[in-house]
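Reading the structure
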Amino acid sequence: MTGNRPAAVAVRLHGDALVVELSGDWQMHGGVPSIAEIDAHLEEGSDSSPRITYDTRGLGAWDSSLMAFLLRSAEFARSRGLEEDRNGLPEGVRDLLRLSEAVPEKTDAGQSGEEHAGLVTRVGLTTIQVTRGFEAMLQFVGEVTAALFKWMVGRASYRKADLWLSVQQAGVEAMPIVALVNFLFGVILAFVGAVQLQQIGAGVFVANLVGIAMVRDMAALMTGIVMAGRSGAAYAAELGSMQVNEEIDALTTIGVSPVEFLVLPRVLALVFMMPLLMIFADAVSILGGLLVGVSMLDQSFIAYLNQTARAVDLGHLFAGLIKGTTYGAIVAMAGCLRGLQSGRSSLAVGAAATSAVVTAIVLIIAAAGVFSVISY
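Everything numeric here is computed off the predicted structure, so don't read it as measured data.

Glancing now at the sheet that holds strand β2 (residues 17-26). Spatially, the four strands line up as an open sheet ordered β1-β2-β3-β4, and their pairing is mixed. The sheet is open, and its two edges are formed by β1 (8-14) and β4 (83-84), each paired on a single side. Across seven bridges, β1 lies against β2 in antiparallel orientation. Opposite leucine 13, over in β2, you have leucine 18 as the bridge partner.

Here's what the structure looks like:
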């Protein structure tokens, strides 16, 4: 058996025609003539020939590399105003060329339409985009609220197994990272406070600083941000993958609300678990401050805990629980919203996960600002 013949192209003049001879096996793995070589061949004699024809009697096996060359040749003919005669090509090749040219090339692919727009146009388009995004967010919040009311009266369409799975993922499985972040933040806060308070002989009040700051604000904020990067991104990726696989379309087709079936269990899971995670985060952060107080300030274990108990009251605890629960709802709804808005490609799923994290963190910080104004 003989080996593959290398692909070759030659150009010759025959009367008033520029004949392009194609021979050998035109296959990607075997190597094909470069575009520069093809252009050089076509340039020869193009000025003295009104048309291009093809001679494929020596052509062997071929794949898409041949199609790429012929499309390049067709583009060359159009740019020079030459007539192209494809009768010499195999019938299958002619059919593929007709099919490829049936749909015009999309010349604006990858362009946003704003690259050459003026400043006023870009501002207007951005305003429209932000307004539509805000409207979509309000509509989604309304749908989730309606689903919550249906859940309270026992009419929501969801699987309890999905709810318990989401509770496990948002609760027990999130505890290690929540503990690590809040413990370290408690250590940092206590260390910074100790350095300053020791200068005025008030090192004992490090317990007050860590206890009030973490229980009232910072534990909720840090836990919300951690859950945004963990659960919010996961929800967006899960629902985005369902969009790609058309599973959400299937639910809509059979009359099941995607908000009730997919979003509601995830929102309930984070709303239920965030208060418990908050209590756990408070305890761990106080333990971090205790480590600094005992090691740096020579305080006793019992004295630090007593000082913390005197400083932190139920009002601080309830304020932190309310904030943490709100942040959990924000994370769940932001992740699910971006997942439902995801495009139908793997790239879009990644973008949805990124957008979910950014949206959740921005809304959490905005909510923290609102809480601060209200509490002040």
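What follows picks up the thread again.
Here the focus is the packing of helix α7 (residues 206-244) against helix α11 (residues 314-340). The interhelical angle for the contact between α7 and α11, taken along N-to-C directions, is 15°, at an axis separation of 7 Å. On the basis of their axis angle, the class for α7 and α11 is roughly parallel. Viewed along their axes, α7 and α11 form a crossing whose handedness is right-handed. Tallied by class, the residues present in the contact of α7 with α11 amount to 16 nonpolar, ten polar and four charged.

Another aspect to go through is the nonpolar core. Formed by 66 residues in total, the largest nonpolar core has its most connected members in Phe140, Val206, Met227, Val263 and Leu270. Elements supplying a minimum of two residues to this core: α4 (119-152), α5 (160-170), α6 (175-197), α7, α8 (247-253), α9 (258-296), α11 and α12 (346-375). Broken down by element, this core gets its largest block of residues, 17 residues, from α9. Residues in contact with valine 206, not counting those within four places in the same chain, are Ala190, Gly193, Ala194, Leu197, Leu297 and Tyr304. Core analysis: the second largest hydrophobic core is formed by 20 residues, Tyr54, Leu59, Met67 and Leu89 among them.

All right, on to the pattern of salt bridges then. Following the criterion strictly, the structure yields nine salt bridges and no others. The partner of glutamate 84 in a salt bridge is arginine 86, and the shortest N-O contact between them spans 3.2 Å.

Let us look at the packing of aromatic side chains. Summed over all chains, the structure comprises three aromatic pairs. Judged by centre distance (6.0 Å) and plane angle (55°), the ring pair of tryptophan 151 and phenylalanine 272 falls under tilted. Within this pair, whereas tryptophan 151 is found in helix α4, its partner phenylalanine 272 is found in helix α9, the two being separated by 121 residues in sequence. Classification of tryptophan 151 as partly exposed rests on a relative accessible area of 28%. A relative accessible area of 38% places phenylalanine 272 in the partly exposed class.

With that settled, the discussion passes to the side chain of threonine 359. Structurally, threonine 359 can be placed in helix α12. Beyond its immediate sequence surroundings of up to four residues, threonine 359 is in contact with Met137, Ala334 and Arg338.

Here we take up a nonpolar patch on the surface. A grouping of Ile177, Leu180, Leu184, Ile188, Phe191, Val192, Val195 and Met296 is seen on the molecular surface, where their side chains present a nonpolar patch of about 660 Å² in accessible area. When residues of the nonpolar patch are assigned to their parent elements, the largest contribution, seven residues, is made by α6. With respect to the helices and strands, the residue isoleucine 177 is situated in helix α6.

Another aspect to go through is the environment of alanine 17. Structurally, the position occupied by alanine 17 is in strand β2. Residue alanine 17 is classed as buried on the basis of its relative accessible area of 2%. Alanine 17 sits 35 residues away from isoleucine 52 along the chain, and the two C-alpha atoms are 5.7 Å apart.

When you line up the elements, glutamine 299 lands in the loop between α9 and α10 (301-311). Owing to a relative accessible area of 14%, glutamine 299 belongs among the buried residues under this scheme. Each C-alpha atom of the pair glutamine 299 and glycine 203 lies 9.1 Å from the other, and the pair is 96 residues apart in sequence. Not counting the four nearest positions on each side in its chain, glutamine 299 is found in contact with Gly203, Val204, Gly293, Val294 and Tyr304.

What follows concerns the pairing of strand β3 (residues 51-62). With eight bridges connecting them, β2 and β3 associate as parallel partners. Bridging from a neighbouring strand, valine 19 pairs with threonine 53 of β3. Alignment of β3 against β4, held across two bridges, turns out to be parallel. Each bridged residue has a counterpart across the sheet, and for arginine 51 the counterpart in β4 is glutamate 83.

Moving on: α9. Turn by turn, an α-helix covers 3.6 residues, leaving residues three or four places apart pointing in a common direction. Given a rise of 1.5 Å per residue, 39 residues ought to cover 57 Å, and the 54 Å separating the end C-alpha atoms of α9 matches this to within 8%. Along α9, the sharpest change in direction is near 40° and occurs at leucine 264; proline proline 265 comes one to four residues later. Positive backbone phi, approximately 55°, marks aspartate 298, located one or two places after α9.

What counts, and at which threshold
- Residues numbered from 1 in each chain as written.
- Predicted model: local features only at pLDDT ≥ 70, side-chain atom pairs only at ≥ 80, totals over all residues.
- Heavy atoms only, no water.
- Pairing = 2+ DSSP bridges.
- Helix = DSSP H or I, 4+ residues; strand = E, 2+ residues; numbered from the N terminus.
- Axes fitted to C-alpha atoms, helices over the stretch in contact; angles between N-to-C directions.
- Parallel < 35°, antiparallel > 145°, perpendicular 65-115°, else oblique.
- Left-handed = near helix turned anticlockwise from the far one by under 90°.
- Nonpolar A, V, L, I, M, F, W, Y, C, P; charged D, E, K, R; others polar.
- Core = buried A, V, L, I, M, F, W, Y, C linked by side-chain atoms within 4.5 Å.
- Buried < 20%, exposed > 50% of the residue type's maximum accessible area, 1.4 Å probe, protein only.
- Contact = heavy atoms within 4.5 Å.
- Salt bridge = Lys/Arg side-chain N within 4 Å of Asp/Glu carboxyl O.
- Phe/Tyr/Trp six-rings, centres within 6.5 Å; stacked < 30°, edge-to-face > 60°.
- Patch = residues over 30% accessible without salt bridge, like charges linked within 9 Å, V, L, I, M, F, W, Y side chains within 5 Å.
- Areas by Shrake-Rupley, 256 points an atom, 1.4 Å probe, with all protein chains shown as cover.
- Expected span 1.5 Å × (residues − 1).
- Bend = angle between axes of the 7 residues up to and from the residue.

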